Amino acid sequence: MKKKAIIYLGGGLSQKLAIKSIRKENINIILIDRNLNCASKIYADIFLNLDLKDSKKIIQNLNLLKSKFNFISTYGVADYAMTSVAKINQKFKINGLNLKFAKLFTNKENSKKIFRESKIYTPRTIFYGKEITSIIIRKIFNQKENSKITIKSIDQNNGRGVSTIKNFSKNKLINASKIAFKYSK
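Residues numbered from 1 in each chain as written. Predicted model: local features only at pLDDT ≥ 70, side-chain atom pairs only at ≥ 80, totals over all residues. Heavy atoms only, no water.

K.L.:
Hey, could you run me through the overall build of the protein in this one?
P.N.:
The helix and strand tally for the protein stands at 7 helices and 6 strands. Each helix and strand of the protein, placed in order from N terminus to C terminus, yields the pattern β-α-β-β-α-β-α-α-α-α-β-β-α. For the protein, buried positions account for 35% of its 185 residues. A total of about 12500 Å² of accessible surface is found on the protein, and carbon and sulfur atoms cover 52% of it. (Helix = DSSP H or I, 4+ residues; strand = E, 2+ residues; numbered from the N terminus. Buried < 20%, exposed > 50% of the residue type's maximum accessible area, 1.4 Å probe, protein only. Areas by Shrake-Rupley, 256 points an atom, 1.4 Å probe, with all protein chains shown as cover.)

Here you go:
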């Protein structure tokens, strides 16, 4: 008889309690994380050291496990894992997030557009690339008076390298950008 298993994409420290709770219900955890030493690895029944965005490799590995496990659910810890969650659900016929919604969910600019059209306050995003030019500085300084500006790396989450500037100046902007790039790939 196949064992029940949840496919869990992301095994950082913040996932530890959820994974331990699932295990108490006699449900196996197939944990996937690119960090070989992720904090929740020790609580998993199976650990796959893969990038959460590489749905092709994830599905290849899960195909090898499907004879032993009944996949009952898929969970992803962040927006960058949602496309993989949807593709896994589709491949193994798991009820849950579908690919159409995942594409909407993971495209922040489309989501923000929908929010703005619905009159929901949404911060404006200005992508500045690898250097801050005078054009970018003008765009930032043309914001409403007393508005806050948050600078963050585009490839990080969990607040690494984030700075908020209230009374901004060019120097504050450059310093905040240096902090953001310190955490950027």
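Having seen the structure, we can now continue with the description.
K.L.:
Teacher, can you tell me more about the environment of Lys4 here?
P.N.:
Mapped onto the elements of the fold, Lys4 is located in strand E1 (residues 3-9). Put simply, Lys4 and Ile27 are 23 residues apart on the chain and 5.4 Å apart in space, counted from C-alpha to C-alpha. Not counting residues up to four positions away in its chain, the partners in contact with Lys4 are Ile27, Asn28, Asn70 and Ile72. (Contact = heavy atoms within 4.5 Å.)

K.L.:
Explain the pairing of E1 here, please?
P.N.:
On a regular strand, each side chain points to the face opposite its neighbour's, so the side chains alternate between the two faces of the sheet. Counting buried positions along E1 gives 5 out of 7 residues, so the element sits mostly inside the fold. Sheet topology places E1 next to strand E4 (residues 69-76); 7 bridges connect them, and they run parallel. The residue of E4 that forms the bridge with Tyr8 is Tyr75. Relative to strand E2 (residues 28-32), E1 is paired through 5 bridges, and the arrangement is parallel. Along E2, the bridge assignment pairs Ile7 with Ile30. Since E1 and E2 lie parallel, the crossover through helix H1 (residues 16-24) that links them has a hand, and here it is right-handed. (Pairing = 2+ DSSP bridges. Right-handed = clockwise from strand over helix to strand, strands pointing away.)

K.L.:
Looking at this structure, I do not really get the side chain of Asp33. What am I missing?
P.N.:
Looking at the element boundaries, Asp33 is found in the loop between E2 and strand E3 (46-48). Buried charge without a salt bridge: Asp33, with Arg34 as the nearest opposite-charge side chain at an N-O distance of 5.7 Å. Not counting chain neighbours up to four residues away, the residues in contact with Asp33 comprise Gly10, Gly11, Gly12, Cys38, Phe47, Leu48, Asn49, Leu50 and Leu52. (Lys, Arg positive; Asp, Glu negative; His and termini not counted. Salt bridge = Lys/Arg side-chain N within 4 Å of Asp/Glu carboxyl O.)

K.L.:
Help me understand the sheet that holds E2, please; the structure alone is not making it clear to me.
P.N.:
Strand pairs in the sheet, formed through backbone hydrogen bonds, run parallel or antiparallel to each other. One open sheet holds the 4 strands; their spatial order is E3-E2-E1-E4, and the pairing between them is parallel. Each end of this open sheet is capped by a strand with a single partner; those strands are E3 and E4. Taken over all neighbouring pairs, the strand axes of this sheet differ in orientation by 20 degrees on average, direction set aside. With 3 bridges connecting them, E2 and E3 associate as parallel partners. Bridge assignment links Ile30 to a residue of E3, and that residue is Ile46. Docked against the sheet, helix H2 (residues 55-65) engages E1, E2, E3 and E4, running at close to 155 degrees with respect to E3. Its contacts with the sheet place helix H3 (residues 82-92) against E1 and E4, and it is angled at close to 155 degrees to E4. (Axes fitted to C-alpha atoms, helices over the stretch in contact; angles between N-to-C directions.)

K.L.:
When you look at the packing of aromatic side chains in this model, what are you seeing that I'm missing?
P.N.:
Each aromatic ring pair is described using two quantities: the centre-to-centre distance and the angle formed by the ring planes. Using the criterion set out here, one finds 2 aromatic pairs in the structure. Judged by centre distance (4.8 Å) and plane angle (40 degrees), the rings of Tyr8 and Tyr75 are tilted. Here Tyr75 lies in strand E4 and Tyr8 lies in strand E1, a separation of 67 residues in the sequence. Seen from their ring centres, Phe71 and Phe92 are 5.0 Å apart, and the 80 degrees between their planes marks the pair as edge-to-face. Placement of Phe71 in strand E4 and of Phe92 in helix H3 is noted, with a sequence separation of 21 residues between them. (Phe/Tyr/Trp six-rings, centres within 6.5 Å; stacked < 30°, edge-to-face > 60°.)

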